[in-house]
Structures are given as C-alpha cells and as structure tokens.
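Now for the letters of each chain:
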Amino acid sequence: MSDKRSATPTEEAIGRVGAPDSVGAFETVEALKDRTVSAKASVAEAGDRGAAWAGERAGAAAPRGIASEEAEALAALVREAAAWIAPLWPLATWAPRQPLGGLEGRPFAEVVAEAFECYGVDLLPPEAVLRAAWAAGEVAPEALWAAYSRYAAWERSRGTPPVALQGLWASLPWSAGAASVVRPAADAEGDGAAKGAGTAVEAIRPEVGAGAASSGWARSGDGRKQGLKRRRERPEERLERLVIRWAKAVLGADGALLPLPVREDFYRTVRALAAVDPDLSPEARRSIAVWPETAPSALAYGLRRLGLWPDRSEAARAVLIRHLLRLPGWAGMFAWRERHGEAGALLHYLAARLLIADAVGAASFFVAPDGGVQKEARLSPRARFFAYGRRLVWLSAWEETLTERIAGRLTVTGAGRDRRMPRGDGAEVQLFFCLDARSEPLRRALEKAGDGRIETVGVAGFFHLPLWVVTPEGPNGYLAAPPGVAPIGILRVEDDGPAAARRALHRAEEAMKGDPLAGFAAPELTGLAYALEAARRSVGPVIRAWSARRREFGKEGSSVAGGVGSAAWAWSARRSAGRERSPFAGGGRAAIRSFSPEAVAREAERLFKAASVRRFAPYVVFVGHRSRSVNNPHASALECGACGGTGGGWNAWALAEALNDPAVRAALSARGVAIPPETVFAAAEHETTTDGWAWLTAPPVSGPARKAHERLSAHLEAALSAARAGRARRQPVPDPEEAFRRAADFAEVRPEWGLAGHLGLVIGRRTLTAGADWGGTVFLLSYDWETDTTGAALQALLAGPGGVFRAIGWQYFLSTAAPGRFGGGDKTTLTVLGGIGVMQGNRSDLLPGLPWQSVALGEELVHRPLRPLVLIEAPPERVRAILAVDPEVRAPVEGGWLRLRVLDPRTGRWVTVSDGFGKMTEERGEASANVHAGGPDSAFGGERRS
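Position labels on residues start from 1 in each chain and follow its written sequence. The predicted origin of the model limits local features to residues at a pLDDT of at least 70 and limits the giving and counting of side-chain atom pairs to 80 or more, whereas totals for whole chains, interfaces and linings rest on all residues. Side-chain figures throughout are based on the complete set of non-hydrogen atoms in the structure, without hydrogens or water.

1. Looking at the pairing of strand S13 (residues 778–782)
Inference 1: Relative accessible area decides the class of each residue, using a 1.4 Å probe on protein chains only: under 20% of the type maximum gives buried, over 50% gives exposed, and in between gives partly exposed. Comment: elements are numbered from the N terminus, with helices defined as DSSP H or I runs of at least four residues and strands as E runs of at least two. Of all 5 residues in S13, 5 are buried, a share of seventy percent or more.
Inference 2: Covered by surrounding structure in S13 are Val778, Leu780 and Ser782 together with Phe779 and Leu781, the residues of both alternating faces.

Okay, here's the thing in structure tokens:
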C-alpha cells in the first residue's frame, strides 16, 4: 500500500492554477487576467469540495447559520470590544481622533489598569520621560504628594486594604529632594505607612509578563562571539503577518489594476483565498474549509471552539479586545469603513482573525491562562504600583504643576484690566481666527501693532459653516467640518483655464504610473524629463524658498482694490510647492455655492453667539489656516482639525461671500443679529509653515472699511515676520528663512511642529490672555460669560470645539507616550498604502498616530504627554449645571480624560471640578497663590533645549 496520500480538492486546485506568488514578472496583463478568471473558478470549486471533504474527515461540519438573537448578541459584543479602538480615517482626510474615545465613560486610571493587566498595553509615559520632567523642575513636591493621596484613595475605592499600601509613598520619589518632602499629618496610607520601606520595598519587582513581541532575530554566541540567527516564527506572529497581507490585498484592491479572484466581504474573501494560500500547511487549508461561510456564524464558531460562547461573554469580549489591540490601525480602518456604509466590517475582520488564528495554531494565545479575562498573572497592589501606579502618580503631579503655572499666568495677565469692556468697542478690524494654538503668535503680534484698533476672535476653524467641498483633486468631495457634522450644502470648485490643463496632465501622469506596462516604458521614453525633475526637486527648495519669500505679498494675492467678483479666485502667483491636494494649488478657479441664505444665517448666528460678538467692526476678516509641505503623507495632520483634516480656506471664503449678500444679512437680522451696512467681510488664509498670508476674497471697500484695511495692511507683514521668528526658535536651525526651505523640500521630515508642545485650551475673554507670550502653546477660544446667561453657548463650545481639542490632545498624548502601538512610526521608512494609510516597511500595522518626527527631535520629546487641559472663565455653578445635564461633556471630565479648571470671574478664584480618578470635587484655591517655583518659559514655547 502506498504511503502517498491522495490530494485534497484544494491542493488539486492549486496544482491547476498555480500558487499566487508564482506569477512570472514578465507575463502580459492579458495572461494575468486569464489566470485570475481561472483562479476564481478553482477557488469556488475548491471551497465546495473541500468543505464536504473536511466534513467527512471531521465527522461534522460547522453550523451554517445562527439565530437572529445570537447574531444581535455577537454584534453587541463586537461593539463593546470596539470601544478600545477608534476609526482610522484615510490619509486625505486624516481627522483628529481620540484613540480610546469609546472608553471615556470610565475612569482613566481604571482603563490604564485593565489595559496593562488584561491586554498587555501600556498607556502611560515611560519613567525616563517623567524623570526628565522632575529634573527640569516641572513637578512640584507638594503636587506629588497630592497626586499620591488621590491614587491611594482610588486604590481603597477598589477594595485594597490600607495595609497593602504601606511603604509605597517612601518608594515613590526618585531623588533625595523629593524624598525630603514632609507629608501632611493626615496620612492617606494610614498609620505607619512608611514602615518597612527601603530595602524591603526595593526588593519588590512588578509581577508582569513579557512585553511586546520581539523581532524575528535572536542572539547567538557566548559573549565573545555574538551573532544573529533567524528564529522560528511564533504562531501569533504568523497570524499578524497573514492578516496584514490579506488586509492590504482587500482594502487596497480598489486602486489595483487586477481584481482579486474573490471580492466579497472581508471574511468571505479571506476564507476563500486562504484555502489556496501556499503559505499555509495542507492541514491548515483543510481546517479552513470547515468554518462557516458567513462572518457572524464564524465568529460564534470560533468563540465556541475556545469554550467562551455563549456562556462566558465577558471572557469572549476580552479575547476580541486582544485581537483588536494587536493591530489597532487595521482594526480602526475597518471601523471607519463600517461607519461609512460597509455594514459589519469590524465583525468580518474579527471573524477572519479567529479563522486564521485557528488555522496557524495561535487561537490559545488570546485566551487568558485561567480561561477568563485576566491575561497576565493578577498583580498585587504593590506590583500594580511599580508596574504603572507610580507613573500614574508622577503624571498626575506633572499635570498639576503645569496647570497651576498656566492658571497663575492667566490670573496675572488679566489682573488690572477692564473685564467689562464690550467686545469690539473701538476696533476698526475684527479678525476671526481658528482657535488653533499656531494662530496665537500672529494674533498677539497683530493686536500689539494695532494698539487697540485690531481685535482678534478665536472660533472653530470651520467657522460654523459645515460644507461638502467637491474639487477636481477629489471628485467625490470631502467634509470641511468636524467628523459627524452634517453639511448645510455643497461647494463645487472647478478649474478655470490653464489650471484645467495642468490637472488633466497630472491625472494622465498618475494613470501612467499605475499601469504595469506604461510604468516600465515611461522612464525609458521620458528619462531626460524625469532626470530634470529629480534635479529640480533636489536643488529647487532653495530657489523656491527665495522666490516664495519675495512673492509672499504678491500683487495678485494682496491687492484689495482689484476685487475678484463672486465666482473667481484671486490667488497669488506663487505655487503651493507641488501640493496638489490643496484647494488653492495654483491657477484660476470658479466656486459654485449651493446652500440657502437661511441655512447660512442660522450657522452664522451660532458662530457670533458662541464667540460672544456684541458689535461688528467696519472690516471683518475670516482667517482660515493651512499647512504647506511636500511629499508628506501626514499632511492632513497639520491642517485644521475642525475642518476634518483639510484647510479652512473654503469655509472662510464661503462665509465672507455669503455675509456680503443682502439676502443673508436680512435673514440674520430676522434672527436678531444686525450687521451695520458699512461692515465689509473678507476672507484670508494663514499658512502656518512659513507664516504666510493670502487674501481669498477682497471685495471693493470704501470709507471706514478701506481705512481699516489700510491699517491692517500696514501691520500685517511685520506681524507675520514676528510670528515666523518666534516659531523658528523651536526648530533645530532657529533661522526664520529656513521655514521656506522646509515647506518646499521633498526630503523634509519635519516641515513644521504642528501642535506639538500645546498645553491647553482657554475658553474666555481675550483680556484674560492678551499681552502674554504663550509661544503658540495654548488654544484660545473666545467666550464672554456675561452675554451667555443661559450657558447654552458654553455647552456648545465644550461639546464642539472642546471635543475636537480633546481628540487632538489624546492623539498627541498616545503618539508620545505609547508610540509603538498608537504612534505613526519613523517617517524615513514609511510606506504609503494607496492613500489608505502608512506602514513601517511592508509588514506592519496600519500606523494610527503621529510619526515620531512630529513629537520629538531625535530622542528629545518636543511634546509633553499630558492629558488635555481646559480652563474656563465662567461662574462655576454654570459649568456644574452643564456637566449635570450633558453626559457627553461630563464623562471625560469625571473620568480624568479631560482636566478642567474654572475661573470664577466674580472672585478670581479657581475651582477644580474633578480629581482625575473618577471623582467630582469641590476643591478651591487661589491660582496666583499656588504657582509653583520654577521658570515657566520652558513650558510656553521657549527656545528648544539642546
């Protein structure tokens, strides 16, 4: 009898079609398409025959379907697990997001504990970062004790006996200076807490398991002769490699020349293609055929095989969370697709993971040793303290110290000023800026130069005018507003004249690059042209920097007298350094508005009421902002967060054009907002990389408006130069002219710092912050508590712009504190995946956060990993009333995801409304009396330390 077994149906199909990786490099496109058609038929046949064959061998096949009640329970389980990830937007509209936004209803400390102990995920900054903050004088000893007291109270609330906390305070400090702090008489640890400290405490080591998965290389040798050898791939590593491969193939198939042999939902596609994948063993391919054909049935089947469904749903949830957190970027992209119309996308992704994990023997890796929720060995209170509790205390103390300094700075700045001065009185020019921290230096410079005649107002960068913008760069359009906000209409942009020809040429070039035959032939036919282009890109940045500097105030872009009409753009002759994604990337354009005057009036009323505008100056300018960079896949991260990761120019232009329309003014007047007849609205755009300026619309002006424009023009260039010089101090080369080179250099990894280094958001009157140099580290949102008698405006600000700020803050926090899991990798080795996202090399997670170069310079952090801070000037009872009725605003404050301080304008006292550990508080204190020692300049955008 022969030992050779008969081939399975799947193996027969592979023999007929050939392995996918065996396609010859020089086969024609037609041959490839023929093989694709053949593969489709063979895969379908292999699936049908393989299922029957595997069922006979196994004795029983998996269930073909599940009841609707069980399907709903599984969908709910997936939704609960999905709270640990966030949707990941494609690169073109890479909107700010809170990576852990679904968990804001729970205390931050509780999430930190569960993430570390159950899923092996560390959410806190490493000790080296906290030690550096202590060494820099940014952690006050008294703040350290207060933070530890709150941590001890939180531990006791979890049922930890006081005796288990004894000795921890003595082991907290990292230096003799901190150890010398005298504790208050009321010891939070109980009597004798410090007893047993010293040697006994130092002997304790955190009871933690292994960290992140190591690389595929292992050391060999005996110390004298070291070398590297390739170690065997672990099952869980093989799982991730295969999942990444299939995710790339399926999600990137939209832009591929050749279609996949099977293109259904993600689970069915993976199930069908894995059955003929030569990277899997024959046994693994046979096991795949047993699995159900639909994703819900497969998810139930996979969890049953682990003994977790339906009786142990909590343990099943933990397994799904571990699967999601292994590749949070890819999981986030499936979550985004589900949000945008692909029903059940995340469930399909999880079902496919369980399928492949079972096939490669990695399923048990995601189950806790006891079969329950706990992944690592359960930590004792002391072990928890050394694993993450100590860092949580230090982080809280660091945050408290800098909060007190900012609060004291605000109080000192606002002292002696007339806080009852009506907004806009005496101002000839009003400029509405985005609240973005990068606008603060320019606002300060303009106000100083204007000597009371120029007023700036901080609002959300989309100017409360949500639009769906359709441009030739993206025919489908994009939302120029925060994610989730419904647009009021469409703004359609069309190329005019030469711009249309340039756009057509660009599209032809991109199509040629995507064709496998033309892509080979093009360099041979156009080699000289491409060589010249490469030389231009290498030498050009210096020339373009010089020319951009000369044309920064080009006649076409800055002349008010010329006018542009209601349909055409007047744009400076300078190009935007090759950034085709920008809506203003050169050439004449026409914009067609399709929204009603009533809709614009409604949104404009909300804007002016939220900003507490009492009167209008003769000349009002809406100033959007954008960034400028070349060859930058994360360009959207430098744009306006309130505009969904795009520039705010279109919103500014549309609102200015609309408010000059008599029909819109009449609709506003009917709503109680009267605009003087002499008031003229204009739009401009502030470019944050080089601190450039361009007028987007400049209607003819006369009388007071013309005088106001002349005043603004007289001070504008000097203000921009001052802002540019201040911003340059944070760069490795503190030369203001370097900004133009960075904006045009296609090899630049850090065109600008973006929002790195921001410290908080101030909601209040400009008198509270005016006059102080914040160094571009503080978001400024205009609000007057005296005009908002009901608190409705403040509630809208906390839910709207406050929510965007919180998302930005957490994106920067996790990209800095946990870059390996929530960051964006190293820019120098990133791979752009078809506009979907970026990867580190070709076998990594879809990187969900900011690249390391956006938050650090080498090993030196530029951004402090601190939880978002909001400081409000308003009566405390008004803020508490909002928190009581709005759970979406209250939850992040109560849980410690958002630090909130309230300045009572009637008494000058600060009120803390949450302790950061899930408890609301009534704590009060004089901000000016609690400013800790230490120079604040390093925190407020000071010169970069070398």
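2. Remarks on the UniProt feature "binding site: Zn(2+)" (unreviewed entry) in the chain
Inference 1: UniProt positions are given in the numbering used here, feature names are shortened, and annotations may be inferred rather than shown by experiment. Mapped onto the present numbering, the UniProt feature "binding site: Zn(2+)" (unreviewed entry) falls on Cys434, Asp436, His625 and Cys640. Across 207 residues in sequence, these annotated residues keep their C-alpha atoms within 8.9 Å of one another, forming a single compact spot. Checked against the lining of the largest cavity, the annotated residues reduce to Asp436 and Cys640.
Inference 2: Note on placement: cysteine 434 falls in strand S3 (residues 429–434).
Inference 3: Here, two residues are considered to be in contact whenever any of their heavy atoms come within 4.5 Å of each other. If near-sequence neighbours (up to four positions away) are discounted, cysteine 434 is found in contact with Ser439, Val459, Gly461, Val623, His625 and Cys640.
Inference 4: When sequence neighbours within four positions are dropped, the list of residues in contact with cysteine 640 reads Cys434, Gly461, His625, Gly645, Thr646 and Gly648. Here a cavity is any set of points on a 1 Å grid over the protein atoms alone where a 1.4 Å probe fits but cannot get out, and a pocket is any open set with protein on both sides within 12 Å along at least 5 of 7 lines; a residue lines the site when it has an atom within 4 Å of a point.

3. Structural notes on the sheet that holds strand S11 (residues 692–697)
Inference 1: The mixed open sheet is built from 5 strands, whose spatial order is S4-S3-S9-S10-S11. Edge strands, defined here as strands with exactly one partner in the open sheet, are strand S4 (454–459) and S11. Across this sheet, the average inter-strand angle for adjacent strands is 25°, counted without regard to direction.
Inference 2: The sheet strands contacting helix H24 (residues 649–659) are strand S9 (619–626), strand S10 (680–687) and S11, and the helix crosses S10 at an angle near 170°. Note: two strands are recorded as paired if DSSP finds a minimum of 2 bridges between them. Helix axes use the C-alpha atoms of the stretch in contact, all axes being lines fitted to C-alpha atoms, and the angles between their N-to-C directions lie in the range 0 to 180 degrees.

4. Some details on the pairing of S4
Inference 1: Within S4, 6 of the 6 residues are buried, which leaves the element mostly enclosed by the surrounding structure.
Inference 2: Along S4, one buried face is formed by Ile454, Thr456 and Gly458 and the opposite face, lined by Glu455, Val457 and Val459, is buried too.
Inference 3: With 6 bridges connecting them, S3 and S4 associate as parallel partners. Across the sheet, residue glutamine 430 finds its bridge partner in S4, namely glutamate 455.
Inference 4: Here is how to tell: hold the view so the strands point away, follow the path from the first strand over the helix to the second, and if it runs clockwise the crossover is right-handed. Viewed along the sheet, the connection from S3 through helix H18 (residues 440–450) into S4 turns out right-handed.

5. Digging into the state of the cysteines
Inference 1: Count a disulfide wherever a pair of cysteine sulfur atoms falls within 2.5 Å. This structure, assessed with the given rule, holds 0 disulfides.
Inference 2: Counting only cysteine sulfurs, cysteine 640 is the nearest neighbor of cysteine 434, a cysteine outside any disulfide, at a range of 4.1 Å.
Inference 3: The class of cysteine 434 is buried, set by a relative accessible area of 5%.

6. Points about unusual backbone geometry
Inference 1: Here the bond from tryptophan 309 into proline 310 is cis, since omega is 5°, no more than 30 degrees from zero.
Inference 2: For proline 310, the position within the fold is in the loop between helix H13 (295–305) and helix H14 (313–326).
Inference 3: One non-glycine residue, aspartate 451, lies in the positive phi region at around 50°.
Inference 4: Mapped onto the elements of the fold, aspartate 451 is located in the loop between H18 and S4.
Inference 5: The backbone of asparagine 631 shows a phi angle near 55°, a positive value even though the residue is not glycine.
Inference 6: Inspection of the secondary structure puts asparagine 631 in the loop between S9 and H24.

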